[in-house]
Amino acid sequence: MPADDELYGALLYAEKHSPALRGQPDEVRRTAALKRVLLWEYVKERAELHQARAVDDAREAGAHWAHLAPPLAVNAPSAAYNKAKRLRATALTDETPQAQPVRRTPEAVLRAERRLILEQAAERRAQEEAEKRHRLLVPVATRLLGQRDGLRPDEDADYWLEEIEAVLPHCHTPLQMVSLHRYLHAAVRALNRHEERTARPAGLTEEARLALAAAVEFMKAAAITP
């Protein structure tokens, strides 16, 4: 398959030399022609995507729809606006499970754009919340681990505290943060269960009890109940 910048030339070459297939069976000629149809559709979609980006750049540079009407081969600003929205459909998908391309109407594109804005805003909020939790995670885990001698862990809790100790010095990437979050959750849960089984506080000292309480509160704020 040629690269995008070579595909146009390759298709022109195939079209020019298509008569060379006339002596071949119909199935061969049909397959070759259908492949050309498919590839021209791809070229058209790619061209529309790049044209939509050019329109966006022109708008950001202060171009009015009246300025864009001649380049878009339409006669009125409103027609330029509608055509630009139809071009935007090439970069959007609908909300169906199969994620089909958006219908090429200004209304459908506007709905898809509004949905995309809401999804992006929700994703930003989720990322901000995750970053906030990560900033708090290391101090909370460090504090609990620092009170390990003041805790009364069972075998299960002791295992998870060892996992925290192993990952904590190298906890920098999102994946490492996820692992630390999981280990802290498991350790707190094990300590709480040990408390319930023995009817005795898991913390032997006030500092240890406060560190465990802080970890419990962190997990509740992170929507994970130990």
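Residues numbered from 1 in each chain as written. Predicted model: local features only at pLDDT ≥ 70, side-chain atom pairs only at ≥ 80, totals over all residues. Heavy atoms only, no water.

## Focus: the overall build of the chain
What counts, and what does not: Helix and strand definitions follow DSSP, with helices as H or I runs of at least four residues and strands as E runs of at least two, each counted in order from the N terminus. Three labels apply to residues, based on accessible area from a 1.4 Å probe with only protein chains included: buried if under 20% of the type maximum, exposed if over 50%, partly exposed otherwise in between. Residue contacts are counted whenever heavy atoms from the two residues lie within 4.5 Å of one another. Calculation of accessible area relied on Shrake-Rupley with a 1.4 Å probe; when residues are assessed, cover is drawn exclusively from the protein chains displayed.
In terms of helices and strands, the chain carries eight helices and zero strands. The buried share of the chain, reckoned over its 226 residues, is 30%. Within the chain, residue pairs in contact and separated by at least 24 positions form 53% of the contacts whose partners lie at least 6 positions apart. A total accessible area of about 14,800 Å² is found for the chain, and carbon and sulfur atoms account for 54% of it.

## Looking at the side chain of aspartate 154
Convention followed: Any N or O atom pair separated by 3.5 Å or less is treated as a polar contact, with the protein-specific requirement of one donor-capable and one acceptor-capable atom, and with residues adjacent in sequence counted only for side-chain atom pairs.
You can see aspartate 154 is positioned in the loop between α5 (106–146) and α6 (155–167). Using a relative accessible area of 17% as the deciding quantity, one classes aspartate 154 as buried. Of note is the side chain of aspartate 154, whose polar atom sits 3.3 Å from the backbone nitrogen of aspartate 156. From its side chain, aspartate 154 meets the backbone nitrogen of alanine 157 in a polar contact 2.8 Å long. Setting aside chain neighbours within four positions, we find aspartate 154 in contact with Ala190, His194 and Arg197.

## Topic: the pattern of salt bridges
Our working rule: Note on definitions: salt bridges are taken to be side-chain nitrogens of Lys or Arg within 4 Å of carboxyl oxygens of Asp or Glu.
All told, the structure shown has nine salt bridges when counted by the stated rule. Of the charged contacts, one joins arginine 148 and aspartate 158 as a salt bridge, the two residues approaching to 3.0 Å between their closest N and O atoms. Residue arginine 148 is located in the loop between α5 and α6, and its partner aspartate 158 is located in helix α6; the two are separated by 10 residues in the primary sequence. A relative accessible area of 26% places aspartate 158 in the partly exposed class. A salt bridge links arginine 209 to glutamate 206; its shortest N-O distance comes to 3.3 Å. Taken together, the positions of arginine 209 and glutamate 206, both in helix α8 (residues 206–221) and three residues apart, correspond to about one turn of that helix. By relative accessible area, arginine 209 is classed as partly exposed at 35%. With a relative accessible area of 45%, glutamate 206 lands in the partly exposed category. Counted as one network, the salt bridges with shared partners bring together Arg148, Asp158, Glu162 and Glu165.

## Considering the environment of tryptophan 40
For tryptophan 40, the location among the structural elements is in helix α2 (residues 26–60). A residue is classified by how much of its surface remains accessible, and tryptophan 40, at 25% relative accessible area, is partly exposed. In sequence terms tryptophan 40 and tyrosine 8 are 32 residues apart; their C-alpha atoms lie 8.2 Å from each other. Each residue touching tryptophan 40, except ones within four places of it in the same chain, is listed here: Tyr8, Leu11, Leu12 and Glu15.

## A word on the packing of aromatic side chains
Between two aromatic rings, the relevant description is the distance of the centres plus the angle of the planes. Stated precisely, the cut-off is as follows: Within 6.5 Å between ring centres, the rings of Phe, Tyr and Trp (the latter by its six-membered ring) count as paired, and their orientation is classed by plane angle as stacked under 30 degrees, edge-to-face over 60, tilted in between.
Inspection of the entire model under this criterion finds four aromatic pairs. Ring geometry for tryptophan 65 versus tyrosine 81: centroids 5.4 Å apart, planes at 90°, classification edge-to-face. Residue tryptophan 65 is found in helix α3 (residues 65–68), and its partner tyrosine 81 is found in helix α4 (residues 77–88); the two are separated by 16 residues along the sequence. Ring-pair connections join several aromatic residues into one group, and the members of that group are Tyr159, Trp160 and Tyr183.

## Observations concerning the nonpolar core
Keep this limit in mind: Buried residues of nine kinds, namely Ala, Val, Leu, Ile, Met, Phe, Trp, Tyr and Cys, make up a nonpolar core once their side-chain atoms join them within 4.5 Å.
Within the largest apolar cluster, 28 residues are counted, with the highest numbers of intra-cluster contacts made by Leu144, Ile164, Leu180, Leu184, Val188 and Leu212. Looking at this core, the elements that each hand over two or more residues are α5, α6, α7 (174–198) and α8. If we ignore the near neighbours within four places in the chain, the residues touching leucine 184 are Leu137, Val140, Ala141, Leu144, Ile164, Ala215, Phe218 and Met219. Trp65, Leu68, Leu72 and Val74 belong to the second-largest nonpolar core, a separate cluster that totals 10 residues.

Bear in mind that shape data such as this cannot, by itself, settle questions of function.
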